[in-house]
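# Analysis of the macromolecular model
Here are the chains, one letter per residue:
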Amino acid sequence: MEEFSRIQRLPPYVFAVVGDLKMKLRRQNIDIVDFSMGNPDIPTPAHVVDKMVEATQKPVNHRYSLSRGIPNLRRAVCDRYARLYGVELDPDKEAIVTMGSKEGLAHLSLAMLNPGDVVLAPDPTYPIHKYAPIIAGADVRSVPIASDRDFFEDLTTATRQAWPKPKLLFLCYPHNPTTEVTDLDFFRKVVAFAKENNIWVVHDLAYADLVFDGYKAPSFLQAEGAKDVGVEFYSLSKSYSMPGWRVGFCLGNPRLVHALARIKSYLDYGIFQPIQIAATVALNGPQDDVDAIREIYRERRDRLIEGLARIGWEVPSPKATMFVWARIPEAFRKMGSVEFSKLLLTEAQVAVSPGLGFGSYGDEYVRFALIENEHRTRQAVSNMRRLLSGAPE
């Protein structure tokens, strides 16, 4: 039978290799300390859960909702942007609720892109930034991202070498997986570059609130003229520990927001209304829980970084996100990230994400997600100590 062309265009899912091995070991009753998936384990704040339960008791909330999100929730996220970033947004024209950022990014790509369009995406990057354009039929060109590279030099090179001219640039700061951070001046340069080259910008601000050591993540929309050239996605998954609730937002350029709203109107009836009501309470209510969640991740970060240092694996301490991006120890580097990740699993019972899964420039790295408690982190470090001490010559 004929193959499905969109499925054929998707690259092999690297994470499945490690995931399958992890499941095989668990079926053998082997205890795995799992840092592989960025799946928050911290409970959703109690007052948010209580509001959802209360709203669920009302039959009126059991009906179809709005695909673009209820007005109160759109107003709540716009109020957040005004309060934290000084950015004024029209909740009717410049904001839409999505089923998590991932769904919104995918459907916006379908709305914007034609087969053969060129999209620029960082390498390494969160996979949906590449897969969404690929599913839409576009061609993706990589822009290397690393602390020792000049992003705008690489961006200029990628733009000049692309044919046809790039239509869209994906960005994500604080960055998953590298944990790189940036400042508002960076976004000002992005806006200038986008206007000069007539490129749309989509910025993923998933880790807006998971910031440490005094660092504050700017919004792309704070840069003057940003709404002229693009949108920003924000999510409650990490900030409020609501990953399974699937509440995200697309904010900014009214043309792009309208395009996403139009395509979503054909595809869904919106999120279950009690969830939207509870999400409104999360945004409008006290923010102490966001601070507490941030502190938990900071403590986990410190424990893991300190533990790795004790066993001779020196890794920079990230200023943001819920991840640690660790360059593979030199003795094991030639293995590549997939084989090294498999070795950690089989010999140390520690699961991480291979950097290759985020792009070719990530193959000398693995990503730890900070989803294990202090006791489990100590256990993982102890297990890895034995492996690293027996490193091949």
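Each residue is numbered by its place in its chain's sequence as written, counting from 1. The model is predicted, so local features are restricted to residues of pLDDT at least 70 and side-chain atom pairs to those at 80 or more, both for listing and for counting; the totals for chains, interfaces and linings are taken over all residues. Water and hydrogen atoms were dropped before computing side-chain values, which therefore reflect all heavy atoms in the structure.

### Overview of helix H11 (residues 254–267)
Helix length check: H11, at 14 residues, gives a terminal C-alpha distance of 20 Å against a target of 20 Å (1.5 Å per residue), a fit within 8%. Exposure classes here rest on a 1.4 Å probe applied to the protein chains alone. A residue is buried below 20% of its type maximum, exposed above 50%, and partly exposed in between. Elements are defined by DSSP. Helices are runs of H or I of four residues or more, strands are runs of E of two residues or more, and each kind is numbered from the N terminus. Of the residues making up H11, those classed as buried are Leu256, Val257, Leu260, Ala261 and Lys264. One side of H11 holds all its buried residues, which, seen down the axis, span an arc of 135°. Along H11, exposed side chains directed more than 90 degrees from the buried face belong to Arg255, His258 and Tyr266. Among the structural elements, strand S2 (95–98), helix H5 (100–112), strand S6 (200–204), strand S7 (230–235) and strand S8 (248–252) are those in contact with the buried residues of H11. Multiply 1.5 Å by the residue count of a helix minus one, and that product is the helix's expected span. This arc is taken over the directions from the axis of the helix to the C-beta atoms. Any two residues whose heavy atoms approach within 4.5 Å are treated as being in contact.

### Comments concerning the side chain of Ser235
With respect to the helices and strands, Ser235 occurs in strand S7. Two N or O atoms form a polar contact when they lie within 3.5 Å of each other; inside protein one atom must be a possible hydrogen donor and the other a possible acceptor, and for residues adjacent in sequence the pair counts only when both atoms belong to side chains. Separated by 2.9 Å, the side chain of Ser235 and the backbone nitrogen of Ser237 make a polar contact. With residues near it in sequence (within four places) discarded, Ser235 still touches Ser101, Val247 and Gly248.

### Observations concerning the nonpolar core
For this analysis, a nonpolar core means a set of buried residues of the types Ala, Val, Leu, Ile, Met, Phe, Trp, Tyr and Cys, connected via side-chain atoms within 4.5 Å. One finds Tyr81, Tyr234 and Phe249 to be the most contacted residues of the largest nonpolar core, which totals 52 residues. Elements represented by at least two residues in this core include exactly helix H4 (71–85), S2, helix H7 (151–161), strand S5 (168–171), helix H8 (184–197), helix H9 (226–229), S8 and helix H12 (273–284). Ignoring anything within four residues of it in the chain, the contact list for Tyr81 reads Gly86, Val87, Leu89, Leu205, Ser219, Leu221, Glu232, Tyr234 and Leu251. Counting residues in each nonpolar core, the second largest holds 37 residues, with Ile42, Ile293, Leu308 and Ala326 among its members.

### Quick word on the packing of H5 against H11
Every axis corresponds to a line fitted to the C-alpha atoms, with the helix fit spanning only the stretch in contact, and the corresponding angles, defined between N-to-C directions, vary from 0 to 180 degrees. It is at 9 Å that the axes of H5 and H11 come closest, and there the two elements cross at 100°. Of the possible angle classes, the one that applies to H5 and H11 is roughly perpendicular. Each of Glu103, Gly104, His107, Leu108, Leu110, Ala111 and Met112 in H5 lies in contact with H11, whose residues at this interface are Leu256, Ala259, Leu260, Ile263, Lys264 and Leu267. Residues belonging to the contact of H5 with H11 are distributed by class as follows: 9 nonpolar, 2 polar and 2 charged. Angular relationships are summarised with four words: roughly parallel below 35 degrees, roughly antiparallel beyond 145, roughly perpendicular across 65 to 115, and oblique for the angles in between. Only Asp, Glu, Lys and Arg are considered charged, only Ala, Val, Leu, Ile, Met, Phe, Trp, Tyr, Cys and Pro nonpolar, and every remaining residue, Gly among them, polar.

### Quick look at the sheet that holds strand S9 (residues 323–327)
Ordered in space as S9-S12-S11, the 3 strands form an open sheet in which the pairing is antiparallel. Both edges of this open sheet fall to S9 and strand S11 (353–354), since each of them pairs with a single strand only. Inspection of the sheet shows S9 paired to strand S12 (residues 365–369) by 5 bridges, in the antiparallel sense. Residue pairing across strands places Trp325 opposite Arg367, the latter belonging to S12. At least two DSSP bridges between two strands are needed for those strands to be called paired.

### A few points about the environment of Ile277
Locating Ile277 in the fold gives a position in helix H12. For the pair Ile277 and Asn197, spaced 80 residues apart in sequence, the C-alpha separation works out to 41 Å. Leave out the neighbours within four places in its chain, and Ile277 touches Lys51, Ala55, Asn61 and Ile70.

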